[in-house]
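# A closer look at the structure
What follows is each chain in one-letter form.
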Amino acid sequence: MWHTNYFQPKVMTLLKPLDQTLKVGIFVCPGYFLGDVVGVQTVFGCSPNTEIHLVWNTLDPIDASPRWPTMATITFEECPDIDVLAVGLIPPDVIADPEVIAFFQQKSKSASAVIGSCGGSLMLGAAALLEGRRATASMAFVDALEDLGAIPVPGGQVVVDGKFYTAGPATGSFEAALIALAALRGEEIAKVIELGIEYDPHPPFKVGSPELAGPELTEQALGMYREAADACIAAARSAYEAYRGRPL
């Protein structure tokens, strides 16, 4: 879709110049929430000289949630050092998996941007990567970040603390990716991508946050997945307690 020649940034120092391949790792697993990472895949997939890996421990077919048959493109063992590591909401058994935690701790060291959308922030917290950092998540998870050593930031905006980019669900994936892309490749490219995909949300009912929706509708929405959310939070807390204080 895009060609490098279309992008001629002003003279400036880029964290990752265009003549260097930008390597992006998007974590997938059975039951991962597609809406939390599709923005990362779209934004970076449209940017020049970018290599995207969907990472899991096997290459077997898996189902995302809501149902979306897919598969990883590379395994943990084969995954190279990456510039961008992204994760969305994933099931509690995956959050607490020692192999998964080891993967996030290892790959976050070399990454220049680590993105957690929605419940993906729980995964980063479980791996003890958010200690002392400002971070956010979806409304169901943001308060729980304090138990993972983070400083919770409600409100729905992307929160950037160092190389960690945390966001809410769905649109948060697009916004965190655009902000991270600007930091790595320059704001001009990020602007062209934002316009190219015409990212300009128009929520039809304007109830996409607790503040807009009010307490009754918010409670109804939270109730739809309260049990699953509580299980994810419990898994993240347990993993964090087990891994906090260990050398990364």
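Predicted model, so just to flag it, every value in this text is computed and none were measured. (Residues numbered from 1 in each chain as written. Predicted model: local features only at pLDDT ≥ 70, side-chain atom pairs only at ≥ 80, totals over all residues. Heavy atoms only, no water.)

## Quick notes on unusual backbone geometry
In this model, Ser-65 is joined to Pro-66 through a cis peptide bond whose omega is -10 degrees. Looking at where Pro-66 falls in the secondary structure, it is placed in the loop between β3 (61–64) and β4 (68–71). Located in the positive-phi region is Ala-170, a residue other than glycine, with phi close to 55 degrees. Topologically, Ala-170 is positioned in the loop between β11 (164–167) and α5 (171–185). Owing to a relative accessible area of 37%, Ala-170 belongs among the partly exposed residues under this scheme. Positioned with a positive phi, Lys-206 is a non-glycine residue whose angle comes to about 55 degrees. On the accessibility criterion, Lys-206 (58% relative accessible area) is exposed. (Helix = DSSP H or I, 4+ residues; strand = E, 2+ residues; numbered from the N terminus. Buried < 20%, exposed > 50% of the residue type's maximum accessible area, 1.4 Å probe, protein only.)

## Some thoughts on the packing of aromatic side chains
In total, this model carries 8 aromatic pairs according to the counting rule given. Ring geometry for Trp-56 against Phe-76: centres 5.9 Å apart, planes inclined by 85 degrees, an arrangement best described as edge-to-face. On the criterion of sequence distance, the pair formed by Trp-56 in strand β2 (residues 50–56) and Phe-76 in the loop between β5 (74–75) and β6 (84–87) is long-range, its members being 20 residues apart. A relative accessible area of 9% places Trp-56 in the buried class. (Phe/Tyr/Trp six-rings, centres within 6.5 Å; stacked < 30°, edge-to-face > 60°.)

## Points about the nonpolar core
Counting 80 residues, the largest nonpolar core has Phe-27, Phe-44, Trp-56 and Phe-104 as its most contacted members. With sequence-adjacent residues up to four places away left out, Phe-104 is seen in contact with Phe-27, Leu-85, Val-87, Met-123, Leu-124, Ala-127 and Leu-129. (Core = buried A, V, L, I, M, F, W, Y, C linked by side-chain atoms within 4.5 Å. Contact = heavy atoms within 4.5 Å.)

## Describing a nonpolar patch on the surface
A cluster of nonpolar side chains, contributed by Met-139, Met-224 and Tyr-225, occupies part of the molecular surface with about 320 Å² of accessible area. Tracing the backbone through its elements, the reader meets Met-224 in helix α8 (residues 215–224). (Patch = residues over 30% accessible without salt bridge, like charges linked within 9 Å, V, L, I, M, F, W, Y side chains within 5 Å. Areas by Shrake-Rupley, 256 points an atom, 1.4 Å probe, with all protein chains shown as cover. Salt bridge = Lys/Arg side-chain N within 4 Å of Asp/Glu carboxyl O.)

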